[in-house]
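The lines below spell out each chain.
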Amino acid sequence: MNNSLSYTVSPDGRELYLPLPEPFSFTQNVSYLARAAGECMHRVVDGRIRKAIPVDGETEGDSSLSVVVEVFEEQPGRLSVRFLAPEEPPSELVRDAVALYTREWFDLDTDLAPFYHMASKDPLLELPIRTHHGLRTIGIPDLFEALCWGIIGQQINLPFAYTLKRRFVERYGRSLEYNGECYWLFPSPKDIAALPVEELTELKMTTKKSEYLIGVAGLVSSGQLTKEKLLGAGDLKQAEKMLVSIRGIGPWTANYVLMRCLRTPSAFPIDDVGLHNAIKHVLGIDRKPTKEEIVKLSANWTGWQSYATFYLWRLLY
DNA sequence: CTCCAGGTTGCGT
DNA sequence: ACGCAACATGGA
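Everything quoted here is computed from the prediction, not taken from an experiment.

About the criteria used
- Residues numbered from 1 in each chain as written.
- Chains lettered and ligands numbered in written order.
- Predicted model: local features only at pLDDT ≥ 70, side-chain atom pairs only at ≥ 80, totals over all residues.
- Heavy atoms only, no water.
- Helix = DSSP H or I, 4+ residues; strand = E, 2+ residues; numbered from the N terminus.
- Rg over C-alpha atoms; globule rule 2.2 N^0.38 Å.
- Buried < 20%, exposed > 50% of the residue type's maximum accessible area, 1.4 Å probe, protein only.
- Contact = heavy atoms within 4.5 Å.
- Areas by Shrake-Rupley, 256 points an atom, 1.4 Å probe, with all protein chains shown as cover.
- Lys, Arg positive; Asp, Glu negative; His and termini not counted.
- Charge placed at Lys NZ, Arg CZ, Asp CG, Glu CD.
- Near = heavy atom within 4 Å.
- Polar contact = N/O pair within 3.5 Å; in protein donor to acceptor, adjacent residues only side chain to side chain.
- Nonpolar A, V, L, I, M, F, W, Y, C, P; charged D, E, K, R; others polar.
- Patch = residues over 30% accessible without salt bridge, like charges linked within 9 Å, V, L, I, M, F, W, Y side chains within 5 Å.
- Salt bridge = Lys/Arg side-chain N within 4 Å of Asp/Glu carboxyl O.
- 1 Å grid on protein atoms, 1.4 Å probe; cavity = no way out; pocket = protein on both sides within 12 Å on 5 of 7 lines; lining within 4 Å.
- Points joined across faces, edges and corners; volume = space filled by probe spheres on them.
- Domains from an automatic or database assignment.
- UniProt positions renumbered as here; feature names shortened; annotations may be inferred.
- Axes fitted to C-alpha atoms, helices over the stretch in contact; angles between N-to-C directions.
- Parallel < 35°, antiparallel > 145°, perpendicular 65-115°, else oblique.
- Pairing = 2+ DSSP bridges.
- Expected span 1.5 Å × (residues − 1).

Considering the overall build of chain A
Here's step 1: Along the backbone of chain A there are 15 helices and eight strands.
Here's step 2: In terms of overall dimensions, chain A is globule-like: its C-alpha atoms have a radius of gyration of 19 Å, near the 20 Å expected for 317 residues.
Here's step 3: Based on the C-alpha atoms only, the size of chain A along its principal axes is roughly 55 × 50 × 35 Å.
Here's step 4: Across the 317 residues of chain A, 52% fall into the buried class.
Here's step 5: For chain A, restricting intrachain contacts to residue pairs at least 6 apart in sequence, the fraction spanning at least 24 positions comes to 64%.
Here's step 6: In the form shown here, chain A has an accessible surface area of approximately 14,600 Å², with 52% of it arising from carbon and sulfur atoms.
Here's step 7: Put simply, chain A has 35 plus and 40 minus side-chain charges, and the middle of one group is 6 Å from the middle of the other.

Written out as structure tokens, the structure is:
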């Protein structure tokens, strides 16, 4: 995307302005981010989103350039990103990295018009696109974070998944401080790759999950698994194959990561329990749909399965 | 106590 | 290829 760094800077150099696509509802996206009380990777204060954003330095493993920002929409059609910490104004390198992260985070480069056109005539999607008009698939731009969140969330309820992530992040991550509060950066794959399994099981991860996390951390820290390699895989099926070959990553996690991190529009975690419950809810039936029914119901979603899933999930949380 | 939860693995047919 | 138990823990 050649305009992916397009933004303007305030006179004092502490604010970035990103043009917003249409449709985009800041309120909808904030509500999504505010919905989970247990989330430890960001915070919503007075309708503004605060978060530590990782910025890699010139030298490998240098995370000292990371910043805390506040995201809001002061002027319609324009997203403001204000640097809260550290004190020094951000360099151009940092501004570029934060602008890119924010574009990926809020999926600012996707034209939703075709999706809304399709969804307005879809029996399952008509309701969620009305209720959450302007919602974007909120991304997890960091590959290791996306993989970990997928693995941590496997087969457990959401509140517990947030608890596990918080323990993990607060034990192995780094935090920046602003206004007396901690803003956490996700642990680095290098640090996690070096851990013995017993340390993670102490956090009440299962033994298997602990093994998966450490294994994936090794692949990411060694550069064997990168966003570039997944994006360069060719198509969804190839990327999915690459991910599923990794121990601890099955079809659900692969598609979840492709959806939230690589932004593959046709990624589709079709076995997802939440998706099944959302469909059950929209159809007003007292049982979960079968896989065959879901295949039929999603027949017109081609190329937008990822957005369809995200909007349906949103109905439940 | 039971059932379920934003699954995956490994072994059986 | 498909089915199914085991995994381990917390929430309802």
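Focus on the protein's contact with DNA strand B
Here's step 1: Of all residues adjacent to DNA strand B, which total 24 residues, the nearest are Leu158, Gly248, Gly250, Thr253 and Tyr256.
Here's step 2: Among atoms of DNA strand B positioned within 4 Å of the protein, sugar and phosphate together represent 57%.
Here's step 3: Note that a phosphate oxygen of DNA strand B is positioned 2.5 Å from one of the backbone N or O atoms of glycine 248.
Here's step 4: Within the backbone of tryptophan 252, an N or O atom sits 3.4 Å from a phosphate oxygen of DNA strand B.
Here's step 5: Elements with a contribution of two residues or more to the surface near DNA strand B: helix 12 (251-262) and helix 13 (273-283).
Here's step 6: If one sorts the elements of the surface near DNA strand B by residue count, helix 12 sits on top with four residues.
Here's step 7: Of the residues belonging to the surface near DNA strand B, the class tally is eleven nonpolar, nine polar and four charged.

Here's the deal with a nonpolar patch on the surface
Here's step 1: Together, Leu158, Leu316 and Tyr317 line one region of the surface with nonpolar side chains, adding up to about 240 Å² of accessible area.
Here's step 2: Considering the arrangement of structural elements, one finds leucine 316 in the segment after helix 15 (305-314).

Remarks on the pattern of salt bridges
A side chain with one charge can pair with a side chain of the opposite charge if their charged atoms come near.
Here's step 1: One pass over the structure, following the stated rule, counts 16 salt bridges.
Here's step 2: In this structure, glutamate 104 and lysine 227 form a salt bridge, with 2.9 Å as the shortest nitrogen-oxygen distance. Of this pair, glutamate 104 sits in helix 2 (residues 92-105) while lysine 227 sits in helix 10 (residues 227-231); the two residues are 123 residues apart in sequence, bridging distant segments of the chain.
Here's step 3: On the basis of relative accessible area, lysine 227 is assigned to the buried category, the value being 19%.
Here's step 4: Where arginine 247 meets glutamate 211, a salt bridge forms, and the shortest distance between an N and an O atom there is 3.1 Å. A residue pair is termed long-range when its members are at least 10 positions apart, and arginine 247 in the loop between helix 11 (236-244) and helix 12 and glutamate 211 in helix 9 (residues 207-221) qualify at 36 residues.
Here's step 5: Exposure remark for glutamate 211: the relative accessible area of 31% places this residue in the partly exposed category.

So, the protein's contact with DNA strand C
Here's step 1: Every residue lining DNA strand C is accounted for by Asn157, Phe160, Lys204, Thr206 and Thr207.
Here's step 2: The contact atoms of DNA strand C, taken as those within 4 Å of the protein, divide so that sugar and phosphate hold 81%.
Here's step 3: Asparagine 157 places a side-chain nitrogen or oxygen 3.3 Å from a sugar or linking oxygen of DNA strand C.
Here's step 4: Of the residues that constitute the surface near DNA strand C, the class distribution is one nonpolar, three polar and one charged.

Details of the layout of surface pockets
Here's step 1: Size it by volume and the second largest pocket reaches roughly 790 Å³.
Here's step 2: As for the second largest pocket, its lining consists of 35 residues, and the residues nearest its centre are Trp149, Leu158, Trp252, Tyr256 and Trp313.
Here's step 3: Of all elements in the fold, only helix 1 (26-34), helix 2, helix 5 (143-152), helix 6 (158-172), helix 12, helix 13 and helix 15 reach the threshold of two or more residues within the lining of the second largest pocket.
Here's step 4: Its residues placed into classes, the lining of the second largest pocket shows 18 nonpolar, eight polar and nine charged.
Here's step 5: Both domains that furnish three or more residues to the lining of the second largest pocket are identified here as domain 1 (8-107) and domain 2 (143-262).

A closer look at the UniProt feature "domain: HhH-GPD" (unreviewed entry) in chain A
Here's step 1: UniProt feature "domain: HhH-GPD" (unreviewed entry): in the numbering of this structure it lies at residues 152-317.
Here's step 2: In residues 152-317, the share of helix is 57% and the share of strand is 6%. The end C-alpha atoms are 18 Å apart.

A short note on the packing of helix 12 against helix 15
Here's step 1: Where helix 12 contacts helix 15, the axes come no closer than 11 Å and their chain directions differ by 95°. Overall, the two elements helix 12 and helix 15 adopt an arrangement that is roughly perpendicular. Residues Tyr256, Met259 and Arg260 of helix 12 touch helix 15, and the partners they reach there are Ser306, Thr309, Phe310 and Trp313.
Here's step 2: Broken down by class, the residue content of the contact of helix 12 with helix 15 amounts to four nonpolar, two polar and one charged.

Topic: the pairing of strand 5 (residues 67-75)
Two faces make up the sheet, and in a regular strand the side chains alternate between them.
Here's step 1: Summarising the sheet, strand 4 (residues 48-53) and strand 5 pair through five bridges and their orientation is antiparallel. Bridge pairing links alanine 52 to valine 68 in strand 5.
Here's step 2: Across six bridges, strand 5 lies against strand 6 (residues 78-85) in antiparallel orientation. Following the sheet pairing, glutamate 70 is matched in strand 6 by arginine 82.
Here's step 3: Hairpin geometry of strand 5 and strand 6 is characterised by an intervening segment of two residues between the two adjacent antiparallel strands and by a positive phi of about 85° at glycine 77.

Quick look at helix 9
Here's step 1: A rise of 1.5 Å per residue sets the reference length of helix 9, with its 15 residues, at 21 Å; its end C-alpha atoms lie 21 Å apart and thus fit the reference within 8%.
Here's step 2: For helix 9, the complete set of buried residues consists of Lys209, Ser210, Tyr212, Leu213, Ile214, Val216, Ala217 and Val220.
Here's step 3: Positive phi appears at glycine 223, one or two residues downstream of helix 9, with a value of about 85°.

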